[in-house]
Amino acid sequence: MILFEEPLKKAIIVNRRNRFVMDVLVDDLLAPCHCPVTGRIGDIIFENTPCLVSETYDSNRKTRFTVEAISVDGEQWIGINQGRVNDYVEAFLLENQLDAFSTPRGIKREIVTDGARIDFQIDGIFMEVKAPLSELLTIPLPHFKRRRLKRPIETERLIRHLYALISTLPQTGRAVLLYVFLYDAPIHTGNPNRKQDHLIRQLINDAIPSGLEIWQLNCTISPEGIRLLRCFDTTSHFK
């Protein structure tokens, strides 16, 4: 387990004020908390939702707390802080816990190639990390209220990173797209509701014979830290 510097606090989300702020009941105090996801988190309406929050002591921050996870059933947690995912991945790499890379020796972060910033270069191999939250639409969350389902809007970022990963294959013969879920998610096979899903699938499928691999990393989060559950190759699910 990767331990947090300070255990997360259990709290209750009262509502989501806007894209950046959630009103959260922490230690019997209603406090504005930073929401680390600016878009929708699935189609969940946040009312009286159990959560885990981290605390900051930075006087320059407008909010004292950040919502790190929400609860499925009051005991299991779904991590939502996508901004911390790369730190978790690096920690797992350093502990030699990712089956995608056996005993990595050289790890670099945020390498620019073909006009895009790729998350990792590991022993010369490029790896881009994605932590989609759209999967929350597919798992049972019985006590959550939901908005009417809307078609998610796909940004151009994934496509840009795919092109950049693919451009490295003639030199490296291998590149990895790693999907990370901060809960035990089902096998991720893409999102047919997203804009340009066909193009994304075609890019992946065409690049697999040249060495593009798709992997999935499932974790579990608790107040004390984050633990790797499984890391597995899902390339065959995209063919």
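Residues numbered from 1 in each chain as written. Predicted model: local features only at pLDDT ≥ 70, side-chain atom pairs only at ≥ 80, totals over all residues. Heavy atoms only, no water.

Novice: I keep staring at the sheet that holds strand S1 (residues 2-3) and nothing clicks. Help me out?
Specialist: Two pairing modes exist for strands in a sheet, parallel and antiparallel, and in both the strands are linked by backbone hydrogen bonds. Sheet architecture is open: 7 strands sit in the order S1-S15-S14-S13-S11-S10-S9, paired in mixed fashion. Strand pairing shows two members of the sheet lacking a second neighbour, S1 and strand S9 (107-113), which therefore form its edges. Note that S9 and strand S10 (residues 116-122) share 6 bridges and pair antiparallel. Pairing of valine 112 across the sheet is with arginine 117, part of S10. Contacting S1, S9, S10, strand S11 (125-130), strand S13 (175-181), strand S14 (212-221) and strand S15 (225-233), helix H1 (residues 85-94) runs over the sheet at an angle of about 20° to S10. (Pairing = 2+ DSSP bridges. Helix = DSSP H or I, 4+ residues; strand = E, 2+ residues; numbered from the N terminus. Contact = heavy atoms within 4.5 Å. Axes fitted to C-alpha atoms, helices over the stretch in contact; angles between N-to-C directions.)

Novice: How should the layout of surface pockets be read in this particular structure?
Specialist: Where empty space is left in the structure can be found by rolling a water-sized probe over the atoms. Considering only enclosed or pocket space, the second largest pocket measures out at about 280 Å³ in volume. Looking at the second largest pocket, the residues that line it are Phe4, Glu5, Glu6, Pro7, Leu8, Lys9, Val53, Ser54, Glu55, Tyr57 and Arg84. Of the residues forming the lining of the second largest pocket, the biggest block, 3 residues, is contributed by strand S6 (residues 49-55). Taken together, the residues that form the lining of the second largest pocket break down as 5 nonpolar, 1 polar and 5 charged. (1 Å grid on protein atoms, 1.4 Å probe; cavity = no way out; pocket = protein on both sides within 12 Å on 5 of 7 lines; lining within 4 Å. Points joined across faces, edges and corners; volume = space filled by probe spheres on them. Nonpolar A, V, L, I, M, F, W, Y, C, P; charged D, E, K, R; others polar.)

Novice: I'm lost on the packing of aromatic side chains in this one. Help?
Specialist: One pair of aromatic rings is described through two measures. These are the centre distance and the angle between the planes. All chains considered together, the criterion is met by 3 aromatic pairs. Centre to centre, the rings of phenylalanine 4 and tyrosine 88 are 6.5 Å apart; their planes meet at 50°, and the pair counts as tilted. Residue phenylalanine 4 is located in the loop between S1 and strand S2 (9-16), and its partner tyrosine 88 is located in helix H1; the two are separated by 84 residues in the primary sequence. We note that phenylalanine 4, like tyrosine 88, is buried. With a centroid separation of 5.9 Å and 75° between ring planes, the pair formed by phenylalanine 181 and tyrosine 183 is classed as edge-to-face. The same class applies to phenylalanine 181 as to tyrosine 183, namely buried. (Phe/Tyr/Trp six-rings, centres within 6.5 Å; stacked < 30°, edge-to-face > 60°. Buried < 20%, exposed > 50% of the residue type's maximum accessible area, 1.4 Å probe, protein only.)

Novice: What's the story with empty space enclosed by the protein in this structure? I'm lost.
Specialist: Scanning all chains against the criterion turns up 1 cavity of 30 Å³ or more. Looking at the largest cavity, its volume works out to about 50 Å³. Along its surface, the largest cavity is lined by Gly79, Ile80, Gln82, Val85, Ala131, Pro132, Leu133, Val180, Phe181, Leu182 and Tyr183. Residues that form the lining of the largest cavity fall into these classes: 9 nonpolar, 2 polar and no charged.

Novice: When you look at helix H2 (residues 157-172) in this model, what are you seeing that I'm missing?
Specialist: Three or four residues apart is the spacing at which side chains of an α-helix point the same way, because the helix has 3.6 residues per turn. End to end, H2 covers 22 Å across 16 residues, agreeing with the expected 22 Å (1.5 Å per residue, within 8%). For H2, the complete set of buried residues consists of Leu158, Ile159, His161, Leu162, Ala164, Leu165, Thr168 and Leu169. Contact partners of the buried residues in H2: S9, S10, S11, S13, helix H3 (197-207) and S14. Of the residues one or two after H2, glycine 173 is the one with positive phi, at around 75°. (Expected span 1.5 Å × (residues − 1).)

Novice: Please clarify how the pairing of strand S4 (residues 29-34) should be interpreted in this entry.
Specialist: Across a regular strand the side chains alternate sides, sitting on one face of the sheet and then on the other. Inspection of the sheet shows strand S3 (residues 21-26) paired to S4 by 6 bridges, in the antiparallel sense. Bridge assignment links valine 24 to a residue of S4, and that residue is alanine 31. Taken together, S3 and the strand that follows it, S4, pair antiparallel across an intervening segment of 2 residues, in which aspartate 27 is found at a positive phi of about 50°.

Novice: How should I be thinking about the side chain of threonine 168 in this particular structure?
Specialist: Mapped onto the elements of the fold, threonine 168 is located in helix H2. Among all residues touching threonine 168, those that are not within four sequence positions of it are Thr113, Phe126, Gly173 and Ala175.

Novice: What is the right way to read the nonpolar core from this model?
Specialist: Across soluble globular proteins, you tend to see nonpolar side chains buried next to one another. Grouped together as the largest cluster of nonpolar side chains are 45 residues, with contacts concentrated most on Val24, Val67, Ile204 and Leu212. Examining the composition of this core, we find that 6 residues originate from one element, H2, more than from any other. Beyond its immediate chain neighbours, meaning those up to four positions away, valine 24 contacts Ala11, Ile12, Ile13, Val14, Leu29, Leu30, Ala31, Cys33, Cys51, Val53 and Val67. The next biggest cluster of nonpolar side chains, apart from the first, holds 32 residues, and it includes Ala69, Leu93, Met127 and Cys219. (Core = buried A, V, L, I, M, F, W, Y, C linked by side-chain atoms within 4.5 Å.)

Novice: I keep staring at the pattern of salt bridges and nothing clicks. Help me out?
Specialist: The final tally for this structure, using the stated rule, is 9 salt bridges. A salt bridge links arginine 17 to aspartate 23; its shortest N-O distance comes to 2.6 Å. Each of Asp87, Glu90 and Arg109 takes part in salt bridges that share partners, so that together they form one network. (Salt bridge = Lys/Arg side-chain N within 4 Å of Asp/Glu carboxyl O.)

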